[in-house]
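Structure at a glance
Read off the chains here:
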Amino acid sequence: MSVVEPAAGVVLAGKYRLVEQIGVGGMSKVYRAENLLIGRTVAIKVLHPDQAHDRDLGARLFHEAQSVSRIRHPGIVDVLDAGQDASGPFIVMEYLDGESVAQVLARRGKVGIAAALGTVLPVLDALEAAHAAGVIHRDLKPENVFYAVREDGEVDVKLLDFGVAKLLWPDGPSPQTSTGVVFGTPDYLSPEQANGQAQLDGRSDLFAIGVLLFELLTNRRPFHAPTAVATAYKVAHARTPPLIDHGGPNDPVLDAVLSRVLSKRAEERHASAAELAAELERHAPPLAERQAARRELLPPRGSRVDLRASHPSLTPRSGSVSQQVTPPLGSSSWRATPHGGASATSGTRRSAEFISAPRSRSPRGFRSLPARFVGQCHVRGLVLRAIDSYVTRHLGGLRREKALARLSREHSRDLGEGLLQAIVFYELELLGAYLDAASAEFPEGSSFCRAAGVEAVSGELAPVLRVALRPGDPGAVLRRVAPVCSRLFDFGLWEVTPGGPTAATVRVTDFEPAALNLRLWLVGVLEGALRATGHEPAVLISRGDASHARELVLEITTRSLGG
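Residues numbered from 1 in each chain as written. Predicted model: local features only at pLDDT ≥ 70, side-chain atom pairs only at ≥ 80, totals over all residues. Heavy atoms only, no water.

1. Remarks on the overall build of the protein
Within the protein, the regular secondary structure consists of 17 helices and 17 strands. Counting over 563 residues, the protein shows a buried share of 60%. (Helix = DSSP H or I, 4+ residues; strand = E, 2+ residues; numbered from the N terminus. Buried < 20%, exposed > 50% of the residue type's maximum accessible area, 1.4 Å probe, protein only.)

Put into C-alpha cells, the structure is as follows:
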C-alpha cells in the first residue's frame, strides 16, 4: 500500500490537520497540527514516508509514546494520542511555545547560577519520576530540555524526546536494537554508555545532567574534543575541570557536586536524581529567584519554536557515536542537525545551537569564520575525504603535502594519515582550512571546488547517493539528492522547488557558516548528480555567492544529455 506523504493540509486519522513542519530527525518529522474536533494545537511526530512501512521503526515510535505515558509527569512533554493511517504511524504530543536550552545558550551564552539551577532542578524532578517508572532517558542534552512559556507568562522546564529511552523492566516486547550501537551524543554520554555497557541505570542520566549544568554555567562542555572518538575518550578518562577554568563561577561547592556527578564510575555518583537535587537545592537561590531568572532567559512572547524530533538511535548525528558501518545519509531528513542534536525550525528562526564563544585553536591559514560559529559547526568526514581524494588525484602527492603543511599539526595528521572517518562529524574549521590550503596550490584557486564536487558524485559520495540517483526530471532528482546533502553538515535547511520538466530551484537557508569554496563544492555535487541521471545542467547562483551569506539560492535549468 502506498504511503500518503505528510504535508501541510493533510489530515491524519480524520482529525489532525497538519499545519507546518517544525522539526525533522533521522526517522521522523514533527508538524504543528490542529485537532479539528476540539480546536487544540498539537505537535505530531510521523515517520518519513520511505520508512513508514518499517515495523521496527514504527515500534520505536510507539515505544517513545509508551515510555512517556507510563511516567505522567508535568515536567515531561505529554503524549496525547498515537495511531496509524495512510501516512504511517504517528504520535501526538502537546505543543510547546518557547526555546530549548540549546537555543538559549546559543543566543545568550552562559547563564547565572539561579537560571542554571532553575533549569536543572525541574529536570531532576522529572527524571526521578521517570526512573521510578523504570525509564531512563539516555539522550539528555540541551536540545532536549525546553523552556515552555505558559499563558500567564511563567516559564516551565520540559524534558523532551524519549525516542531512545530504555525501560529498566519492560513488560512487553520492545523494538529491536542493533548489537554494538551506542545511543546518544558523546559529550553527554556517561562513561558506561561510551563503553557500550549493556546494563545501564538512572545514574547514566545523572552524568548527562552534570554535563548540562556545566554547560549552562560556562557555555562549554567539560569533555569536548574535535572528534566523537576523542570526546568519548575524554568522557572515560579526563578529570572534571573546575568551572572557573572555562569562564564559569568560582564556586567550590558546585565544583564538588559536579566532580561527583561526573565520576567515571556510576557507583561514585549520586544514587538517584532526588539525592542530586537535594544537594543542589541546599546551594540554590530561593525558588522565586530561580523562576524569575528563567523568565529573563526568553525573548518576548510571539515566536514559537519547534518541538524536537531527533532520533539518535537510528541516525548518527553531529558527534553521535555509532558502530554501524554504513552512514544512513540517504534518509528524507532535509534539515541538518545541529551539534548535539537534530531538528528544524519552521524556516524563520535560526537553529540556534551552533552559536558559541570563539575558540582559540582555529587552524593556521583559515580565513576568518564568524566568531559565533567557531567550534560549533561540523561536517562529516565523508566531505573531507571526497575533497582530499580530488586533491590527491589532481595535485599529486608532493603538492598535497604542501597543502597539508599549511594546516595545524593535529589537522594535517588526521588528513595525512588517512584517519578521517566517513560518518563522524569534524569541526568546520578543518574543512575551511583544507579548502583554503588546497586553493593556494591549484592554479584556478578555489574554482577547483566545483569540479571536486562533480567528481565526488562518482567517488566518495557514490555509496550514499546510490538510491537518489534514479532517472527523473531535475526537480525529482534534486528532491532525492538534497536530503543526502543536508545530512553532510549540521547546519543548513534545504528546500527544492520543481520548475517544470527542465528546471528547479534549490534554496539552502541557515547557511551562514559556509564559505564560498564550500558553496561551490555543493554546486558541483548537484551538477554531478544531474549529469549522472542524464541531464546537462546550467546553474545560476542567484543569491548567496559569497562567504557566510545567510542563504544559497540556485536556479537550475537542464537539457537532456542525449540532445
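2. A closer look at helix H5 (residues 202-218)
Between its first and last C-alpha, H5 extends 25 Å over 17 residues, near the 24 Å set by a 1.5 Å rise per residue. In terms of burial, H5 is largely enclosed, as 16 of its 17 residues are buried. The first or second residue beyond H5 is asparagine 219, which carries a positive phi of 60 degrees. (Expected span 1.5 Å × (residues − 1).)

3. Notes on unusual backbone geometry
The backbone of arginine 138 shows a phi angle near 75 degrees, a positive value even though the residue is not glycine. Position of arginine 138 among the secondary structure elements: in the loop between strand E8 (135-136) and strand E9 (145-149). Of note, the phi angle at histidine 548 is positive, near 65 degrees, even though the residue is not glycine. With respect to the helices and strands, histidine 548 occurs in the loop between strand E16 (535-543) and strand E17 (552-560). Residue classification places histidine 548 among the partly exposed residues on the basis of a relative accessible area of 21%.

4. Here's the deal with the environment of tyrosine 31
Residue placement: tyrosine 31 occurs in strand E3 (residues 28-35). On the basis of relative accessible area, tyrosine 31 is assigned to the buried category, the value being 3%. Spatially, the C-alpha atom of tyrosine 31 lies 9.6 Å from that of valine 92, the residues being 61 residues apart in sequence. Ignoring any residue separated from it by four or fewer positions in sequence, one finds tyrosine 31 in contact with Pro6, Ala7, Ala8, Leu18, Glu20, Gln21, Ile22, Val42, Ala43, Ile44 and Val46. Of note is the side chain of tyrosine 31, whose polar atom sits 3.0 Å from the backbone oxygen of proline 6. (Contact = heavy atoms within 4.5 Å. Polar contact = N/O pair within 3.5 Å; in protein donor to acceptor, adjacent residues only side chain to side chain.)

5. Description of the sheet that holds E17
Ordered in space as E14-E15-E17-E16, the four strands form an open sheet in which the pairing is antiparallel. What marks the edges here is a single partner per strand, and that holds for strand E14 (493-498) and E16. When the angles between neighbouring strand axes are averaged without regard to direction, this sheet yields 20 degrees. As judged from the six bridges shared by E14 and strand E15 (residues 503-509), these two strands associate in the antiparallel manner. Bridge pairing in E15 places proline 498 opposite alanine 504. (Pairing = 2+ DSSP bridges. Axes fitted to C-alpha atoms, helices over the stretch in contact; angles between N-to-C directions.)

6. Some thoughts on the nonpolar core
Formed by 68 residues in total, the largest nonpolar core has its most connected members in Leu124, Tyr147, Leu159, Ile209, Leu216 and Leu280. Ranked by residue count, the leading element in this core is helix H3 (residues 113-132), at eleven residues. Once residues lying within four places of it in the same chain are set aside, the contact partners of leucine 159 are Gly75, Ile76, Val77, Val123, Ala126, Leu127, His137, Leu140, Asn144 and Val145. One finds Tyr390, Leu430, Tyr434 and Ala504 within the second-largest nonpolar core, a separate group that totals 67 residues. (Core = buried A, V, L, I, M, F, W, Y, C linked by side-chain atoms within 4.5 Å.)

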